[in-house]
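Close look at the chain arrangement
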Amino acid sequence: MTHLEEIRRRIQIAAQKSGRNTGDILLIAVSKGQSPSKIMEALRHGQTDFGENYAQELLEKIAALKDEKPTWHFIGHLQTNKVGKIIDGVEWLHSLDSLKLAETLHKKRKTPLKCLLEINLAEENNKTGLSKDAALELMPKLNDFSNIDLKGLMTLSPCSHFPELVLLLREINERRLYPKPLTELSMGMSGDFEKAIKAGATMVRIGTGLFGRRSS
Ligand SMILES: *Cc1c(COP(=O)(O)O)cnc(C)c1O
């Protein structure tokens, strides 16, 4: 059994505590390292959105679950040479982090792909993502790519940085660096999603808290 009911309940309580609507927070079940049968079980309980980190693993799961058609979010680092493999199977990319990746996505994708810019707020060298300054610089250039539909920001940084992601989104919107207002904030994992909801997350990415330990 997954812990879907419990996680939903915790999301609801966290939302209520901060005066937010539960419906404004999307639960992304991070299914990397979990079997298709676990995904099937979550689907049967009404979970629609799933996150994967690795192109090959995602391809195998898309094939195994082609009749169920879950909404796939690619949340891992995406190398430009892997874009072609997965590009038509995903609805969201949480890890846009370079102009080169944006160019490749634009070329290979036939319809606009919903994207989030990945921000490394702590500027940790071992983590992927753009610094705030690099993101502000990249933002206007993304206007040129009609197949990129930028929706917001994502971070893997520790929870103490969540408020900074909120401020960055606000700054981008106030300075109109992108033609449409950005609305999505993807932050928070199993250990800190309640803090993320308090800070303003619209998407939380939960793996082990839902499915238990990963097998790979
Ligand atoms: C693995 C992963 C998660 C989920 O982490 P858990 O601690 O298992 O909830 C969320 N986001 C990203 C980008 C991940 O790689």
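Use the structure listed above.
Residues numbered from 1 in each chain as written. Predicted model: local features only at pLDDT ≥ 70, side-chain atom pairs only at ≥ 80, totals over all residues. Heavy atoms only, no water.

1. Comments concerning the pattern of salt bridges
- Per the stated rule, a full pass over the model turns up twelve salt bridges.
- A salt bridge links R10 to E194; the nearest nitrogen and oxygen atoms lie 2.9 Å apart. Residue R10 is located in helix α1 (residues 4-17), and its partner E194 is located in helix α8 (residues 193-199); the two are separated by 184 residues in the primary sequence.
- Residue classification places E194 among the partly exposed positions, given a relative accessible area of 32%. (Salt bridge = Lys/Arg side-chain N within 4 Å of Asp/Glu carboxyl O. Helix = DSSP H or I, 4+ residues; strand = E, 2+ residues; numbered from the N terminus. Buried < 20%, exposed > 50% of the residue type's maximum accessible area, 1.4 Å probe, protein only.)

2. Looking at the nonpolar core
- Of all hydrophobic cores here, the largest spans 61 residues; its most connected members are L96, L105 and L117.
- With six residues, helix α7 (residues 162-174) is the single largest residue contributor to this core.
- For L117, the residues in contact, after removing those within four places along its chain, are H94, L96, L130, A135, L138, M139, L142, L150, G152, L153 and M154.
- Residues I28, W92, L116 and M154 belong to the second largest nonpolar core, which totals five residues. (Core = buried A, V, L, I, M, F, W, Y, C linked by side-chain atoms within 4.5 Å. Contact = heavy atoms within 4.5 Å.)

3. Some remarks on the pairing of strand β3 (residues 71-74)
- Burial along β3 is two-sided: the face carrying T71 and H73 and the face carrying W72 and F74 are both buried.
- As for the winding sense of the linkage, the β-α-β connection from strand β2 (residues 49-52) through helix α3 (residues 55-64) to β3 is right-handed.
- As paired elements, β3 and strand β4 (residues 92-96) share two bridges and run parallel to each other. Across the sheet, H73 pairs through a bridge with W92, a residue of β4. (Right-handed = clockwise from strand over helix to strand, strands pointing away. Pairing = 2+ DSSP bridges.)

4. Remarks on the site of the ligand
- Contacts to the ligand come from 13 residues, most closely from K32, N53, S190, G207 and R214.
- In this structure, R205 approaches the ligand through a side-chain N or O atom, which is 2.8 Å from a nitrogen atom.
- Between the ligand and the protein, one listed contact pairs an oxygen atom with a backbone N or O atom of G207 at 2.8 Å.
- Compared with its free state, where it exposes 390 Å², the ligand has 88% of that area covered by protein.
- A molecule is said to occupy a pocket when more than half its atoms come within 2 Å of that pocket's grid points, and by this definition the ligand occupies the largest pocket.
- Residues of the shell around the ligand, tallied by class, amount to six nonpolar, four polar and three charged. (Near = heavy atom within 4 Å. Polar contact = N/O pair within 3.5 Å; in protein donor to acceptor, adjacent residues only side chain to side chain. Areas by Shrake-Rupley, 256 points an atom, 1.4 Å probe, with all protein chains shown as cover. 1 Å grid on protein atoms, 1.4 Å probe; cavity = no way out; pocket = protein on both sides within 12 Å on 5 of 7 lines; lining within 4 Å. Sits in = over half its atoms within 2 Å of the grid points. Nonpolar A, V, L, I, M, F, W, Y, C, P; charged D, E, K, R; others polar.)

5. Quick word on the side chain of D97
- Assignment of secondary structure puts D97 in the loop between β4 and α5 (99-108).
- No salt bridge is formed by the buried D97. Its closest oppositely charged neighbour is K100, at 9.5 Å.
- Among the polar contacts listed, one links the side chain of D97 to the side chain of H77, at a separation of 3.2 Å. (Lys, Arg positive; Asp, Glu negative; His and termini not counted.)

6. Regarding the layout of surface pockets
- A volume near 260 Å³ is recorded for the largest pocket.
- For the lining of the largest pocket, the per-class residue count stands at six nonpolar, seven polar and five charged. (Points joined across faces, edges and corners; volume = space filled by probe spheres on them.)

7. Some points on the packing of aromatic side chains
- If you walk through the whole model with that rule in mind, you get one aromatic pair.
- Between F50 and W72 the ring centres are 6.1 Å apart and the planes differ by 55 degrees, which places this aromatic pair in the tilted class. Of the two residues, F50 is situated in strand β2 and W72 in strand β3; the sequence distance between them amounts to 22 residues.
- W72 gets classed as buried once you look at its relative accessible area, which sits at 3%. (Phe/Tyr/Trp six-rings, centres within 6.5 Å; stacked < 30°, edge-to-face > 60°.)

8. Overview of α5
- For α5, every residue scored as buried is listed here: L101, A102, T104 and L105. For α5, the arc enclosing every buried residue in end-on projection is 165 degrees, short of the 170-degree limit, so these residues lie on one face. Exposed and oriented more than 90 degrees from the buried face of α5 are K100 and K107. (Arc of directions from axis to C-beta.)

9. Some words on unusual backbone geometry
- In this structure, K69 is a non-glycine residue whose phi angle is positive, near 50 degrees.
- Of note, K69 is situated in the loop between α3 and β3.
- By relative accessible area, which is 66% here, K69 ends up exposed.
- One non-glycine residue, R176, lies in the positive phi region at around 50 degrees.
- Its relative accessible area of 72% is what places R176 among the exposed residues.

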